[in-house]
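As a plain string of letters, each chain reads:
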Protein chains: 2
Amino acid sequence: MAHAVIIGGGFAGINAAKRLGRSGKVSVTILDQRNHHLFQPLLYQVAMAGLDPSDIAVPIRALMRPYRRVRTLLGRAETLDLENREVRFDGGVVPYDYLIVACGASHSYFGNDQWESHAPGLKSVGQATEIRRRVLVAFEQAERASDPEEQARWMTFVIVGGGPTGVELAGAIAEMARYALSKDFRTINSADARVLLVQSGERILKQFDADQAEYATKSLRSLGVEVVLESRVTNIGAAGIEIGETRVPAGTVLWAAGVQANRIGLQLKSPLDRAGRVIVRPDLTIPDHDNVFVVGDLAHTPGPNGNPLPGLAPVAIQAGRYVADLIVDEVRAENPPDPAHRKPFEYNDKGQMATIGRKRAIMQYHKHKKNGFLAWVAWLLVHIYFLSGFRNRFFVFLKWCWAYLTFSKGARLIIQKEWRQHESELLSPVVGSLDETYRHDGDTPSPRFESLTRADHINKPQ
Amino acid sequence: MAHAVIIGGGFAGINAAKRLGRSGKVSVTILDQRNHHLFQPLLYQVAMAGLDPSDIAVPIRALMRPYRRVRTLLGRAETLDLENREVRFDGGVVPYDYLIVACGASHSYFGNDQWESHAPGLKSVGQATEIRRRVLVAFEQAERASDPEEQARWMTFVIVGGGPTGVELAGAIAEMARYALSKDFRTINSADARVLLVQSGERILKQFDADQAEYATKSLRSLGVEVVLESRVTNIGAAGIEIGETRVPAGTVLWAAGVQANRIGLQLKSPLDRAGRVIVRPDLTIPDHDNVFVVGDLAHTPGPNGNPLPGLAPVAIQAGRYVADLIVDEVRAENPPDPAHRKPFEYNDKGQMATIGRKRAIMQYHKHKKNGFLAWVAWLLVHIYFLSGFRNRFFVFLKWCWAYLTFSKGARLIIQKEWRQHESELLSPVVGSLDETYRHDGDTPSPRFESLTRADHINKPQ
């Protein structure tokens, strides 16, 4: 029986594995360095304390439970040996007959990787909880700060990148400041938070038509977001961000700009595009290797108009299924057909949507467009529908109802790893120390907090 | 208006703050190094992937929302200056008229602090998610391992300490291995996992009567847990644990033994007991300071029979309320009474309970005892009832129904912080690296994973 190795448990990998598993004609190994499949379109809600990680992440192993011929391995692919048809990972070697590389992409800082620690991107659960922590800590710091400049800095949030993720983050922070947090502080007024969305181009959401982007811009502005267009980030540091020549002191900077494909693509020795994506043939294989497929965000898939297909979940899902069907067909055929005559991959455009705050969205499907509340309801239904696993759907739906009715956020936790580093362990990436769970940077003088009676921030005596 | 400072947002601190806030007669600052109040009795369920952190943790700030005279500060108390009546923390100084110290306790390794990295305790959300990660990674490592000894080591889980937490962890791991994970692996049979509960004394659960402990021991054994009595841990390392003279190779060791009070107690310059707890007077103050109270797990509170009251949530809750009432009464009185004539704190014993697996528990209330399924239902109702916040109650209840009906665990995520260290930041405790999110210890040779068709671990062809 032919054996397929799938690297990566994202939308492309999971969908390929399910279909191959269901066929019963191919045995499969799915390899991922994380144990969970992530429903990335809702990741910003984890970052914004609306959902818990387990609402949008499911163990790959649990998804593969029905398919006895699919084996899940937690591990990181290290070497793709196309000659000998095997994949070396951190726990051994797996030979393959078919290889599906679906390792996705991460953020690109355009050559300024030192910005990353000051401006996290949003691709993994770990990053989402880190962003959540930073945003919540910023409000706490503002509440503690005695220096007004310091306070203003903590109350400033900058999001770099005007794509759907940037728009969703900006809208969510603005709304959280206005509603969810509004009665919780005594010194600051959380609604005074400044939220900037910085975009280098002349408009945001360039994946959408201009009128849709215009609607989104207006909606963001009505929420109090400052949409800063045609502006380039020139520096990011601990104190804030420089936009062109302007320094903006900011306690929190989030990165939702460029995309950089996984470096494993380099090992395929095939042409890459500028973002590091592997340029694939119409059947999603690479030149000279009819049995090696690249799918999802790692692939540069030529689209009908010559542009590559966008890095969207539906593209990855369809590509994963296409490859699985193609492999199953060839394995089933008594005389395997010439790979040169494979039917090319065709993307069936499902349109796209983006949401702005808690009751507005934009959507676009070929020539059809919708925005406002109805689009938001559609966004909600589509995302609930595609969320994997009935349990997740059920709980996310309930949490959304709850949040909508109460204006509150259920997952406002600042959680730090409390662990000492231990070098020789598998577990080493998780560190931190019990003795420094909360550390002040020490430069600012210690203000005195007088008794509340002497301060004037108690505006309503009980 | 008098100002009270509360250090610590656990059961004692929160309950004191609520009552003081409700009175409107005292202004309050509540200081905690974490932003959330934690419902500790259910923390083991977060560690066992049954609940999410946000199900059992609520921002202190959100709990204090109704009380306009209560101010919440995120920060760590550093110096208690009893002379000048002020608390110095990492963000400034707060003066007080009344001080309530409620900083709780952490685990004691009996002088072997080097064991901590190999055998985490369970006191904070960070520790719970770390334990969850270790347990889930252990099964993944066992699935990957080619060496049978290595595999057996990863399949061995040792819990040190036979108190309620140890019993709950052991029962939950055994059940997870038998049910929730049973169909998810292809190489290992997760039900083969070995779970050891190690207790130095001659029986577990010494807080309970002997017959109740006997029932719990039998229940654990019926779940496959090896209850090892009268055995002392002599060493813990990366490879496993030494119990007396016996070496037990184990991939996961969890610590649920001794308790050590927060070191801040040292600053009160009052007598401490062996666990570092501050020995308080009948009104929960310390000698020579009628306005300084110590409550919760940090306090050694003499009980009716001479023994100190146990470190239970009801004790902390009642003590917090007692102190708040006492302060409010004094503030309200025109002629404050002599503190020497304060009515002493009296603990109203609410009994105690512990749960074993998914349908058995023991409970004890004065002379009344119950065990089995009905006790488990009672345990469930009591915990739902005391869980803070209607939202949390609602979601925990639903998740329990779900888990009970489906035998599944909803939060089986292995999440690593993916962050580069940046020294000069408040955020520094969270580190890790994008380049080493999953690292093998490198000592074992790389096994070859042959195509699944050649292996015999596919026992049921589809």
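Each value, and the rule that gives it
- Residues numbered from 1 in each chain as written.
- Chains lettered and ligands numbered in written order.
- Predicted model: local features only at pLDDT ≥ 70, side-chain atom pairs only at ≥ 80, totals over all residues.
- Heavy atoms only, no water.
- Pairing = 2+ DSSP bridges.
- Helix = DSSP H or I, 4+ residues; strand = E, 2+ residues; numbered from the N terminus.
- Contact = heavy atoms within 4.5 Å.
- Axes fitted to C-alpha atoms, helices over the stretch in contact; angles between N-to-C directions.
- Patch = residues over 30% accessible without salt bridge, like charges linked within 9 Å, V, L, I, M, F, W, Y side chains within 5 Å.
- Areas by Shrake-Rupley, 256 points an atom, 1.4 Å probe, with all protein chains shown as cover.
- Salt bridge = Lys/Arg side-chain N within 4 Å of Asp/Glu carboxyl O.
- Buried < 20%, exposed > 50% of the residue type's maximum accessible area, 1.4 Å probe, protein only.
- UniProt positions renumbered as here; feature names shortened; annotations may be inferred.
- Phe/Tyr/Trp six-rings, centres within 6.5 Å; stacked < 30°, edge-to-face > 60°.
- Domains from an automatic or database assignment.
- Buried area = accessible area lost by both parts, 1.4 Å probe.
- Nonpolar A, V, L, I, M, F, W, Y, C, P; charged D, E, K, R; others polar.
- Polar contact = N/O pair within 3.5 Å; in protein donor to acceptor, adjacent residues only side chain to side chain.
- Parallel < 35°, antiparallel > 145°, perpendicular 65-115°, else oblique.
- Left-handed = near helix turned anticlockwise from the far one by under 90°.
- Expected span 1.5 Å × (residues − 1).

Peer 1: So what's going on with the sheet that holds strand S21 (residues 289-294) of chain B? Residues and values would help.
Peer 2: Residue and element names in this part refer to chain B. With mixed pairing, the six strands of this open sheet are ordered in space as S5-S2-S1-S9-S21-S20. In this open sheet, the two strands that pair with only one neighbour each are strand S5 (70-74) and strand S20 (285-286). As judged from the five bridges shared by strand S2 (residues 26-32) and S5, these two strands associate in the parallel manner. Bridging from a neighbouring strand, isoleucine 30 pairs with threonine 72 of S5. Here helix H1 (residues 11-23) sits on the sheet and contacts strand S1 (2-7), S2, S5 and strand S9 (98-101); the angle it forms with S2, its principal contact strand, is near 155°.

Peer 1: Account for a nonpolar patch on the surface, naming residues and giving values.
Peer 2: All names here are of chain A. Taken together, the side chains of Phe373, Leu374, Tyr404 and Leu405 define a hydrophobic patch exposed on the protein surface, amounting to about 440 Å² of accessible area. Residue assignment for the nonpolar patch shows that the elements contributing at least two residues are helix H10 (373-386) and helix H11 (390-406). By the secondary structure assignment, tyrosine 404 is in helix H11. The class of tyrosine 404 is partly exposed, set by a relative accessible area of 30%.

Peer 1: Summarise the UniProt feature "transmembrane region" (unreviewed entry) in chain A; cite the residues concerned and give the values.
Peer 2: According to UniProt, the feature "transmembrane region" (unreviewed entry) maps to residues 373-390 of chain A in the numbering used here. In the segment residues 373-390 of chain A, helix accounts for 83% and strand for 0%; the C-alpha atoms at its two ends are 26 Å apart.

Peer 1: Describe the pattern of salt bridges, with residues and values.
Peer 2: Evaluated as defined, the whole model comprises 34 salt bridges over all chains. Across the pair arginine 61 of chain A and glutamate 140 of chain B runs a salt bridge, and its minimum N-O distance is 2.5 Å. Taken as a pair, arginine 61 of chain A in helix H4 (residues 60-63) and glutamate 140 of chain B in helix H5 (residues 125-144) lie in two separate chains rather than in one. Grouping residues by exposure puts arginine 61 of chain A and glutamate 140 of chain B together as buried. Between glutamate 330 of chain A and arginine 342 of chain A there is a salt bridge whose closest N-O contact spans 2.7 Å. Within this pair, whereas glutamate 330 of chain A is found in helix H9 (residues 313-332), its partner arginine 342 of chain A is found in the loop between H9 and strand S23 (352-356), the two being separated by 12 residues in sequence. The pair glutamate 330 of chain A / arginine 342 of chain A is uniform in exposure class, with both members buried. Through salt bridges with shared partners, a single ionic network connects Asp52, Asp55 and Lys399 of chain A.

Peer 1: Before we move on, can you summarise the packing of aromatic side chains with the specific residues and values?
Peer 2: By the definition in use, this model includes 27 aromatic pairs over all chains. An angle of 25° between the planes, with centres 5.9 Å apart, marks the rings of phenylalanine 394 of chain A and tryptophan 402 of chain B as stacked. Within this pair, whereas phenylalanine 394 of chain A is found in helix H11, its partner tryptophan 402 of chain B is found in helix H11 (residues 390-406), the two belonging to separate chains. A relative accessible area of 29% means that phenylalanine 394 of chain A is categorised as partly exposed. Taking the centre distance of 5.1 Å and the plane angle of 90° together, the rings of tyrosine 385 of chain B and phenylalanine 386 of chain B count as edge-to-face. Look at tyrosine 385 of chain B and you get exposed, because its relative accessible area is 57%. Among the residues examined, phenylalanine 386 of chain B registers a relative accessible area of 48% and is labelled partly exposed.

Peer 1: Just give me the short version of the domain arrangement of chain A, but keep the residues and values in it.
Peer 2: Interface size, as often reported, equals the accessible area lost upon joining of the parts. Residues and elements named next belong to chain A. As far as domains go, chain A holds domain 1 (3-108 + 259-341) and domain 2 (113-257). For domain 1 versus domain 2, the distance between C-alpha centres works out to 33 Å. Between domain 1 and domain 2, the buried area comes to about 1700 Å², and carbon and sulfur atoms account for 68% of it. Counting the surface domain 1 buries against domain 2, the share from its top three residues, Tyr44, Met48 and His107, is 39%. Viewed at the interface, domain 2 and domain 1 are joined by zero salt bridges. Contributing elements (two or more residues each) for the side of domain 1 that touches domain 2: strand S3 (36-38), helix H2 (43-47) and strand S10 (105-107). Take the side of domain 1 that touches domain 2: its biggest share by element is four residues, from H2. A class-by-class count of the residues in the side of domain 1 that touches domain 2 yields 11 nonpolar, five polar and three charged.

Peer 1: Talk me through the sheet that holds strand S17 (residues 252-255) of chain A; I want residue IDs and the actual numbers.
Peer 2: Hydrogen bonds between backbone groups are what pair the strands of a sheet, and the pairing can be parallel or antiparallel. Residues and elements named next belong to chain A. Spatially, S13-S12-S11-S17 is the arrangement adopted by the four strands of the open sheet, whose pairing is parallel. Each of the sheet's edge strands pairs with one partner strand only, and the pair in question is strand S13 (225-228) and S17. Taking each pair of neighbouring strands and ignoring which way they run, the sheet shows an average axis angle of 20°. Sheet topology places strand S11 (residues 156-160) next to strand S12 (residues 194-198); five bridges connect them, and they run parallel. Bridge pairing in S12 links threonine 156 to arginine 194. Where helix H7 (residues 164-180) meets the sheet, its contacts fall on S11, S12, S13 and S17, and the angle it forms with S12 comes to roughly 170°. Helix-sheet contacts for helix H8 (residues 210-222) involve S12 and S13, and the interaxial angle to S13 is about 140°.

Peer 1: Now, about the side chain of aspartate 90 of chain B: what can you tell me, with residues and values included?
Peer 2: Mapping aspartate 90 of chain B onto the fold places it in the loop between strand S7 (86-89) and strand S8 (92-95). We classify aspartate 90 of chain B as buried; its relative accessible area is 8%. A polar side-chain atom of aspartate 90 of chain B sits 3.1 Å from a polar atom in the side chain of arginine 144 of chain A. Of note is the side chain of aspartate 90 of chain B, whose polar atom sits 3.1 Å from the backbone nitrogen of arginine 76 of chain B.

Peer 1: Please provide a residue-by-residue account of the environment of alanine 47 of chain B, values included.
Peer 2: Residues and elements named next belong to chain B. By secondary structure assignment, the location of alanine 47 is in helix H2 (residues 43-47). For alanine 47, a relative accessible area of 1% puts it in the buried group. Note: C-alpha distance between alanine 47 and leucine 122 (75 residues apart in sequence) is 8.1 Å. Those residues in contact with alanine 47 that lie beyond four places of it in its chain are Leu122, Ala128, Ile131, Arg132 and Leu169.

Peer 1: Describe the packing of helix H1 (residues 11-23) of chain A against H9 of chain A, with residues and values.
Peer 2: Relative placement of two packed helices is described by the angle separating their axes and the distance separating the axes. Residues and elements named next belong to chain A. Running from amino to carboxyl end, H1 crosses H9 at an angle of 30°, the nearest separation of the two axes being 7 Å. If you check the angle between H1 and H9, you find them roughly parallel. When you trace H1 past H9, the crossing you get is right-handed. Between H1 and H9, the residues in contact are Phe11, Ala12, Asn15, Ala16, Arg19, Leu20 and Ser23 and Ala313, Ala316, Ile317, Gly320, Arg321, Ala324, Asp325, Ile327, Val328 and Arg332, respectively.

Peer 1: Please provide a residue-by-residue account of the environment of alanine 316 of chain B, values included.
Peer 2: All names here are of chain B. By the secondary structure assignment, alanine 316 is in helix H9 (residues 313-332). Separated by 212 residues in sequence, alanine 316 and glycine 104 place their C-alpha atoms 9.5 Å apart. Sequence-distant contacts of alanine 316, defined by excluding residues within four places in its chain, comprise Phe11, Ala12 and Gly296.

Peer 1: Lay out the side chain of serine 54 of chain B in plain terms, naming residues and giving numbers.
Peer 2: Structurally, serine 54 of chain B is set in helix H3 (residues 53-56). Judged by relative accessible area, serine 54 of chain B falls into the buried class, the value being 0%. Within the local environment of serine 54 of chain B, its side chain forms a polar contact with the side chain of aspartate 52 of chain A, the two groups lying 2.5 Å apart. Not counting the four nearest positions on each side in its chain, serine 54 of chain B is found in contact with Asp52, Gly410, Ala411 and Leu413 of chain A together with Asn392 of chain B.

Peer 1: So, H5 of chain B: which residues are in play, and what are the values?
Peer 2: Compared with an ideal rise of 1.5 Å per residue, which puts 20 residues at 28 Å, H5 of chain B spans 28 Å between its outermost C-alpha atoms and is within 8% of the ideal. Where burial is concerned, most of H5 of chain B is hidden: 20 out of the 20 residues are buried.

Peer 1: Explain H8 of chain A residue by residue, including any values.
Peer 2: Residues and elements named next belong to chain A. For H8, which comprises 13 residues, the first-to-last C-alpha distance of 18 Å matches the rise-based estimate of 18 Å (1.5 Å per residue) to within 8%. If you follow the buried residues of H8, they end up packed against H7, S12, S13, S23, strand S24 (360-365) and strand S25 (368-372). Backbone geometry just after H8 places glycine 224 at a positive phi near 95°.

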